[in-house]
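Descriptive structure summary
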Amino acid sequence: KLLPGYDMISNAALANDGDGRDADASDPGDWTTATEANDPNGLFYQCGSLDPATNRYTGEQSSWHGTQVAGIIAAITDNGIGMAGVGPNLRVLPVRVLGKCGGYDSDIIAAMRWAAGLVVQGVPPNLNRARVINMSLSGGGGCTSAYRDVVAEVNAAGTVVVAAAGNSEGHAAGAPANCDGVIAVAALRHAGTKVGFSDLGPEIAIS
């Protein structure tokens, strides 16, 4: 149920696949090693968790977060295998924006434009415009002018933007969830109360 997507990560080291932007949206993982996390001159310094016993940073295994969310949304149904996605008739347009230790707003914004069928310089046109952009990611701070502009542009093209409130343990919802025109989502426990890690704010549209 996958449409032809795009890897929009411009930094080859961050992408972890040997190159920058390309038409291969498959995810090689976002793992980091302890050596990388403890190299003060490297790109991934302090990317792991700090071990208080050694005062050194640990390596991190791949999260596969985008793959997991895509499965929740649109895993094949009625085949007797694994789980079923919540949208049995949906198709997913995978667009990579985060790699090892995160990513750049510029890549995220370019990916939003491309997913909505808008022109992105240096990238082939997307012939399968996304009706909904799901962004299970969040950054700190308020909605920047760059995010405000791209959300307005994407909405005008007929695409809905949904974004996670953030996971900074009950702080204010982060960008782009706190931008006008974005459906911001917070997380609940099975009992209906807010999960401790989920952020809050008047921007939240659904939990």
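Residues numbered from 1 in each chain as written. Predicted model: local features only at pLDDT ≥ 70, side-chain atom pairs only at ≥ 80, totals over all residues. Heavy atoms only, no water.

1. What to know about the overall build of the chain
Within the chain, the regular secondary structure consists of 5 helices and 8 strands. Shown N-terminal to C-terminal, the secondary structure of the chain runs as helices and strands in the order β-α-α-β-β-α-β-α-β-α-β-β-β. Overall size of the chain, expressed as C-alpha extent along the three principal axes, is 50 × 45 × 45 Å. Taken over 207 residues, the chain has a buried fraction of 36%. A fraction of 57% describes how many contacts in the chain between residues 6 or more apart in sequence connect residues 24 or more apart. Taken together, the 12 basic and 20 acidic charged side chains of the chain have centroids lying 7 Å from each other. (Helix = DSSP H or I, 4+ residues; strand = E, 2+ residues; numbered from the N terminus. Buried < 20%, exposed > 50% of the residue type's maximum accessible area, 1.4 Å probe, protein only. Contact = heavy atoms within 4.5 Å. Lys, Arg positive; Asp, Glu negative; His and termini not counted. Charge placed at Lys NZ, Arg CZ, Asp CG, Glu CD.)

2. Overview of the pattern of salt bridges
Applying the stated criterion across every chain, the model contains 6 salt bridges. Among the ionic pairs, D27 bridges to R96, the shortest N-O distance being 3.7 Å. Taken as a pair, D27 in the loop between α1 (12–15) and α2 (34–37) and R96 in strand β4 (residues 95–96) lie far apart in primary sequence, 69 residues in all. Given a relative accessible area of 6%, R96 falls into the buried group. Between R113 and E153 there is a salt bridge, and its shortest N-O distance comes to 2.6 Å. Placement of R113 in helix α4 (residues 105–115) and of E153 in helix α5 (residues 145–156) is noted, with a sequence separation of 40 residues between them. Through salt bridges that share partners, D7, D17, D27 and R96 make up one connected network. (Salt bridge = Lys/Arg side-chain N within 4 Å of Asp/Glu carboxyl O.)

3. Details of the environment of R131
Structurally, R131 can be placed in the loop between α4 and β5 (132–135). Remark: the alpha-carbon pair of R131 and V160, spanning 29 residues in sequence, is separated by 6.2 Å.

4. Comments concerning a nonpolar patch on the surface
A contiguous nonpolar surface patch, about 310 Å² in accessible area, is contributed by V132, V160, I183 and I206. Here I206 lies in strand β8 (residues 204–206). On the accessibility criterion, I206 (48% relative accessible area) is partly exposed. (Patch = residues over 30% accessible without salt bridge, like charges linked within 9 Å, V, L, I, M, F, W, Y side chains within 5 Å. Areas by Shrake-Rupley, 256 points an atom, 1.4 Å probe, with all protein chains shown as cover.)

5. Topic: the nonpolar core
Formed by 32 residues in total, the largest nonpolar core has its most connected members in M112, M135, Y147 and V154. Counting only elements with at least two residues in this core, the list comes to α4, β5, α5, β6 (160–164) and β7 (182–185). At 7 residues, the largest contribution of residues to this core is made by α4. Among residues more than four places away in sequence, those in contact with M112 are I133, M135, Y147, V150, V151, V154 and V161. (Core = buried A, V, L, I, M, F, W, Y, C linked by side-chain atoms within 4.5 Å.)

6. Comments concerning the packing of α4 against α5
At a minimum axis distance of 10 Å, the contact between α4 and α5 shows a crossing angle of 10 degrees. One way to sum up the angle between α4 and α5 is to call them roughly parallel. The residues of α5 that touch α4, namely those facing D105, I108, I109, M112 and R113, are A146, Y147, V150, V151, E153 and V154. Class assignment of the residues belonging to the contact of α4 with α5 gives a composition of 8 nonpolar, no polar and 3 charged. (Axes fitted to C-alpha atoms, helices over the stretch in contact; angles between N-to-C directions. Parallel < 35°, antiparallel > 145°, perpendicular 65-115°, else oblique. Nonpolar A, V, L, I, M, F, W, Y, C, P; charged D, E, K, R; others polar.)

7. Thoughts on the packing of aromatic side chains
One pass over the structure, following the stated rule, counts 2 aromatic pairs. Taking 5.6 Å as the distance between ring centres and 45 degrees as the angle between the ring planes, the aromatic pair formed by Y6 and W114 counts as tilted. Of this pair, Y6 sits in strand β1 (residues 6–7) while W114 is found in helix α4, placing the two residues 108 residues apart along the sequence. The burial state of Y6 is the same as that of W114; both residues are buried. Each ring, one from Y45 and one from Y57, has its centre 6.2 Å from the other, and the planes form 70 degrees; the classification is edge-to-face. One end of the pair, Y45, is in the loop between α2 and β2 (50–51); the other, Y57, is in strand β3 (residues 56–57), with 12 residues separating them in the sequence. Residue Y45 is classed as partly exposed on the basis of its relative accessible area, which comes to 35%. In this structure, K100 is placed above the aromatic ring of W31, and the distance from its NZ or CZ to the ring centre is 3.9 Å. Residue placement shows K100 over the ring face of F44; its charged tip is 4.9 Å from the ring centre. (Phe/Tyr/Trp six-rings, centres within 6.5 Å; stacked < 30°, edge-to-face > 60°. Lys NZ or Arg CZ within 6 Å of the ring centre and 35° of its normal.)

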